[in-house]
Amino acid sequence: MENSVALVTGANKGIGKQIAGQLAGAGLTVYVGSRDAARGQQAVTEIGGGARLLVLDVTDAAGIDAAARQVSTLDILINNAGVSGDGKTADREDLSTFRRIYETNVFGAVAVTNAFVPALRRSAHPRIVNISSGTGSLTWATGPQFPHRGSYAAYRSSKTALNALTVFYAHALAADGIKVNALAPGLRRTGLNATAAASDGDPAEAAAGAVRLALLPDDGPSGEFFSWDGTPVPW
Ligand SMILES: NC(=O)c1ccc[n+]([C@@H]2O[C@H](COP(=O)([O-])OP(=O)(O)OC[C@H]3O[C@@H](n4cnc5c(N)ncnc54)[C@H](OP(=O)(O)O)[C@@H]3O)[C@@H](O)[C@H]2O)c1
């Protein structure tokens, strides 16, 4: 594990920074993905240890290619970068908001994953963790217990799409030994949106769930959806 290399996208703050910090604390070399170099360098300095800055805007194709050229072998990719929205139902939401959110949460994850798959194939124990959301679970959305009936439609449907891609990548990359799983981090106190900012959920607790999936043994699961505490989440 000491020689392992990880990349966490959107790691300059929030849950991603906690994931990067925990992986660095476990002795890994961790690329702290940040679209802003100064914010990323600040996080690298605060994390210390094996943290390294990787300037990476997941919506910038040329920037993704440039970042991928800097990493020859990658053991762990955490697709964490994400943006939320204003909570609107689909009928009231602008198409431009759908496009903006999908650009980061869905197309960004695809672009980064595809760019780094060659480096992951050079790893002995490659893992991908997609930071999803329990709000993207269609089973929960259609059940009686879910409080958000129809709200945050753009954000939540982007996470449902990310869940589908988790399954499809897991199947497509199984022959390469690359395990791909999705995490529902739970509501955490971050700058993602007003609901998250007002919560008392500890981002470090969510990060621990991502680290568990990042360090899965070779007989561990792939193509599955887990809550931060390791319990399965229904699709
Ligand atoms: N907090 C929660 O309650 C919660 C619940 C469920 C799921 N999640 C998921 O957890 C993940 C992390 O969110 P968070 O709560 O930690 O929110 P956050 O504090 O707002 O962090 C989001 C991170 O993503 C980065 N980012 C946004 N767009 C990017 C882009 N185009 N390229 C690269 N980085 C980009 C942000 O960078 P900048 O600083 O440059 O904006 C920031 O580092 C997200 O995928 C989110 O959907 C969070």
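Residues numbered from 1 in each chain as written. Predicted model: local features only at pLDDT ≥ 70, side-chain atom pairs only at ≥ 80, totals over all residues. Heavy atoms only, no water.

## Notes on the overall build of the protein
Here is step 1: Scanning the protein for helices and strands turns up eight helices and seven strands.
Here is step 2: Its C-alpha radius of gyration of 16 Å places the protein within 12% of the 18 Å reference for a compact globule of 235 residues.
Here is step 3: Going through the 235 residues of the protein one by one, you find that 50% of them count as buried.
Here is step 4: The long-range share in the protein, meaning contacts at least 24 apart out of those at least 6 apart in sequence, stands at 67%. (Helix = DSSP H or I, 4+ residues; strand = E, 2+ residues; numbered from the N terminus. Rg over C-alpha atoms; globule rule 2.2 N^0.38 Å. Buried < 20%, exposed > 50% of the residue type's maximum accessible area, 1.4 Å probe, protein only. Contact = heavy atoms within 4.5 Å.)

## Some words on the layout of surface pockets
Here is step 1: Estimates place the volume of the largest pocket at around 1,100 Å³.
Here is step 2: Gly82, Ser84, Tyr155, Thr190 and Leu192 are, among the 46 residues lining the largest pocket, the residues nearest its centre.
Here is step 3: Those elements giving two or more residues to the lining of the largest pocket turn out to be α1 (14-25), α6 (153-173) and α7 (194-198).
Here is step 4: Across the lining of the largest pocket, the residue classes tally to 17 nonpolar, 21 polar and eight charged. (1 Å grid on protein atoms, 1.4 Å probe; cavity = no way out; pocket = protein on both sides within 12 Å on 5 of 7 lines; lining within 4 Å. Points joined across faces, edges and corners; volume = space filled by probe spheres on them. Nonpolar A, V, L, I, M, F, W, Y, C, P; charged D, E, K, R; others polar.)

## Focus: empty space enclosed by the protein
Here is step 1: Evaluated as defined, the whole model comprises one cavity of 30 Å³ or more.
Here is step 2: Of the pockets and cavities examined, the largest cavity occupies roughly 70 Å³.
Here is step 3: Those elements that place two or more of their residues in the lining of the largest cavity are α4 (95-121) and α6.
Here is step 4: Element by element, the count of residues in the lining of the largest cavity is highest for α4, at four residues.
Here is step 5: Residue composition of the lining of the largest cavity, grouped by class: five nonpolar, six polar and one charged.

Read these as spatial facts, not as claims about activity.
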